[in-house]
Amino acid sequence: MGLSITALADDYAVAPQVTPADLPGLAAQGFRTLINHRPDGEGGAAQPRHEELAKAASKAGMQSFYIPVVPHAMQPADVVRLERALANAPRPVLAFCATGQRATAAWQAWQVRQQTGDD
């Protein structure tokens, strides 16, 4: 069974945990940027560290950004970092965390910021 990907916009999707082995297939699906919202070590030793994911993404021709969001504690600075990453990130984008919920919440907060200019 493949990775469960949910499109939030034509050029932005979210997923649960991504592994280095997933990156070639994601690039083949057209994704050009990977955003990791999961703090390193959150899932223990089984969770790939961002450095491993970044190397695999680069090898697959994708850019990657590490914007960790602590569960239930997203900060305005997290949304600003997402905004900065997305300013020049190649599209489409795949953002992920453990389940996809934080990645979705970060995107939603970014959308509000785009509409209101609020932090």
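Thresholds applied
Residues numbered from 1 in each chain as written. Predicted model: local features only at pLDDT ≥ 70, side-chain atom pairs only at ≥ 80, totals over all residues. Heavy atoms only, no water. Pairing = 2+ DSSP bridges. Helix = DSSP H or I, 4+ residues; strand = E, 2+ residues; numbered from the N terminus. Axes fitted to C-alpha atoms, helices over the stretch in contact; angles between N-to-C directions. Contact = heavy atoms within 4.5 Å. Salt bridge = Lys/Arg side-chain N within 4 Å of Asp/Glu carboxyl O. Buried < 20%, exposed > 50% of the residue type's maximum accessible area, 1.4 Å probe, protein only.

Details of the sheet that holds strand β5 (residues 93–96)
- If you trace the 5 strands from one edge of the open sheet to the other, you get β1-β2-β5-β3-β4, paired in mixed fashion. What marks the edges here is a single partner per strand, and that holds for β1 (6–9) and β4 (63–66). Ignoring strand direction, the axes of neighbouring strands in this sheet form an average angle of 25 degrees.
- Each of β3 (33–36), β4 and β5 touches helix α2 (residues 50–59); the most contacted strand, β4, lies at about 165 degrees to it.

Considerations on the pattern of salt bridges
- Applying the stated criterion across every chain yields a total of 6 salt bridges.
- Among the ionic pairs, D40 bridges to R49, the shortest N-O distance being 3.6 Å.
- In this structure D40 comes out as partly exposed when scored by relative accessible area, which is 25%.
- K55 is the partner of E51 in a salt bridge, and the nearest nitrogen-oxygen pair spans 3.4 Å. Note that E51 and K55 are positioned in helix α2 at a spacing of 4 residues, about one turn of the helix.
- Given a relative accessible area of 53%, E51 falls into the exposed group.
- Salt bridges sharing partners connect three or more residues here, namely R38, E42 and R102.

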